[in-house]
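# Fold and geometry: a report
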Amino acid sequence: MARTRAQRRVQSIFIGLAVLTTLLVLLFAHDINTSAHQATSPRRSENASFAKLANSLILKQNNLDTRLAYLLEHGSNLTRPVFAARLEQLALELEQWQTDVQLLKKPVLAHHINTEFALITESRIDDLSSIISSVSSDLQLPGITVTLPVGSTPSLSELSSTWNLERRGLVKEPGQFHLFAFTNHVASLSASSGAALAGSPSLKVTRGIAIAAVSVNPAPLPAAQGQLLLAPVTRINVGVSVLNASYVDQPVTLKITYQPKNGRGKYQVRTMNVTIGPDRAYGFIAKGLNTLPGQRATLTVAVTGAPGAAGMTRTKSYLVTLSPSGNNS
């Protein structure tokens with residue numbers, strides 16, 4: 001039966017609706033695909049930025065791990081100044097990591113991998129700082145300071161194992177980035193390494209102090225060695241230079257005594273304390289000593305706190321003679 005004009009019109013309308021519906025579905029799918037691509041692109045960029053910075057910091061940590069392990073294992077052949085300089089250089093690098101890791105905490109990535117990495121790195125800094133501090137303390141090395149953790153932290157081995165599980169978190173995320181693993185050289189060292197350092201003759205503390213120079217003001221007149229011939233003054237000032245001949249912080253005590261003869265004048269004592277840095281000298285200026293014209297006395301300068309340095313003395317004694325006052329002539 002031939003279709004009526006109305007039926008053909010209805011059929012055309014349905015066909016038009018079907019075509020329109022198909023177009024709308026295609027457009028909607030395109031929008032979804034575009035939106036998904038636009039949403040993935042920033043995530044890929046964030047993942048790429050984190051992966052680059054994190055891998056760079058991991059390489060730095062692995063480099064320090066290798067160098068510190070080598071220093072602890074072979075450093076027994078070094079001198080104290082050289083060993084301390086290398087250990088201090090490693091300690092300074094740890095401080096830089098604290099700054100680097102702050103850049104990785106934001107924005108938060110999938111699986112919170114960046115915050116986990118930051119926590120692990122901060123714990124590694126604490127562990128390595130404790131190791132460096134312990135070595136420095138055991139060898140009594142001067143000048144090395146690190147920030148120590150307040151509480152306990154997981155060991156380096158535990159932190160490496162934790163990171164090996166966490167570092168795969170970006171493999172299935174946009175960009176599919178791979179993060180490096182940590183090396184574990186310091187953690188694998190045996191106790192014999194520490195014993196070798198402590199027993200090393202070149203790293204052993206050998207203390208030695210000495211009086212390097214003594215000055216008197218006003219300046220003495222020419223006299224025999226061990227004698228101070230002074231003008232008829234009522235007060236003298238004594239300065240003493242003390243040498244710390246060892247690579248260690250050395251507390252010292254300087255004692256100056258002035259003992260008049262025949263009871264003319266008062267017995268006087270000046271005592272001063274200071275810690276002198278490694279291979280350095282320190283100048284003491286004592287409070288003035290009261291004197292009398294025509295007086296004779298013994299001036300003794302002594303420094304204590306450590307054995308005497310080779311070829312030098314810790315005590316100097318002088319016979320002091322003051323010229324009579326012109327009024328008594």
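Residues numbered from 1 in each chain as written. Predicted model: local features only at pLDDT ≥ 70, side-chain atom pairs only at ≥ 80, totals over all residues. Heavy atoms only, no water.

### A closer look at the overall build of the protein chain
Counting its regular elements, the protein chain contains five helices and nine strands. When its helices and strands are written in sequence order, the protein chain yields α-α-α-α-α-β-β-β-β-β-β-β-β-β. The proportion of buried residues among the 329 residues of the protein chain is 35%. The long-range fraction of contacts in the protein chain, counting pairs at least 24 apart against all pairs at least 6 apart in sequence, stands at 73%. By element, 56% of the accessible surface of the protein chain is carried by carbon and sulfur atoms, the whole surface being about 18700 Å². (Helix = DSSP H or I, 4+ residues; strand = E, 2+ residues; numbered from the N terminus. Buried < 20%, exposed > 50% of the residue type's maximum accessible area, 1.4 Å probe, protein only. Contact = heavy atoms within 4.5 Å. Areas by Shrake-Rupley, 256 points an atom, 1.4 Å probe, with all protein chains shown as cover.)

### Regarding the packing of aromatic side chains
Under the definition given, this model contains five aromatic pairs. Plain terms: the ring middles of phenylalanine 50 and phenylalanine 117 are 6.1 Å apart, the flat faces sit at 85° to each other, and that makes the pair edge-to-face. One end of the pair, phenylalanine 50, is in helix α1 (residues 5-74); the other, phenylalanine 117, is in helix α3 (residues 113-139), with 67 residues separating them in the sequence. In this structure phenylalanine 50 comes out as buried when scored by relative accessible area, which is 4%. (Phe/Tyr/Trp six-rings, centres within 6.5 Å; stacked < 30°, edge-to-face > 60°.)

### Considering the pattern of salt bridges
Side-chain pairs of opposite charge can arise whenever the charged atoms involved come near each other. On inspection of all chains with the given rule, the structure shows three salt bridges. For lysine 60, the salt bridge identified is with aspartate 100, shortest N-O distance 3.2 Å. Here lysine 60 is found in helix α1, whereas its partner aspartate 100 is found in helix α2 (residues 80-102), with 40 residues between them in sequence. The partly exposed category is assigned to lysine 60, whose relative accessible area is 38%. By relative accessible area, aspartate 100 is classed as buried at 16%. (Salt bridge = Lys/Arg side-chain N within 4 Å of Asp/Glu carboxyl O.)

### Digging into the packing of α2 against α3
Where α2 meets α3, the axes come as close as 10 Å, and the angle between the chain directions of the two elements is 160°. With respect to α3, the axis of α2 lies roughly antiparallel. Seen along the crossing, α2 lies across α3 with a hand that is left-handed. Between α2 and α3, the residues in contact are Arg80, Phe83, Leu87, Leu90, Ala91, Leu94, Trp97, Gln98, Val101 and Gln102 and Ala118, Thr121, Glu122, Ile125, Leu128, Ser129, Ile132, Val135, Ser136 and Leu139, respectively. By residue class, the composition of the contact of α2 with α3 is 13 nonpolar, five polar and two charged. (Axes fitted to C-alpha atoms, helices over the stretch in contact; angles between N-to-C directions. Parallel < 35°, antiparallel > 145°, perpendicular 65-115°, else oblique. Left-handed = near helix turned anticlockwise from the far one by under 90°. Nonpolar A, V, L, I, M, F, W, Y, C, P; charged D, E, K, R; others polar.)

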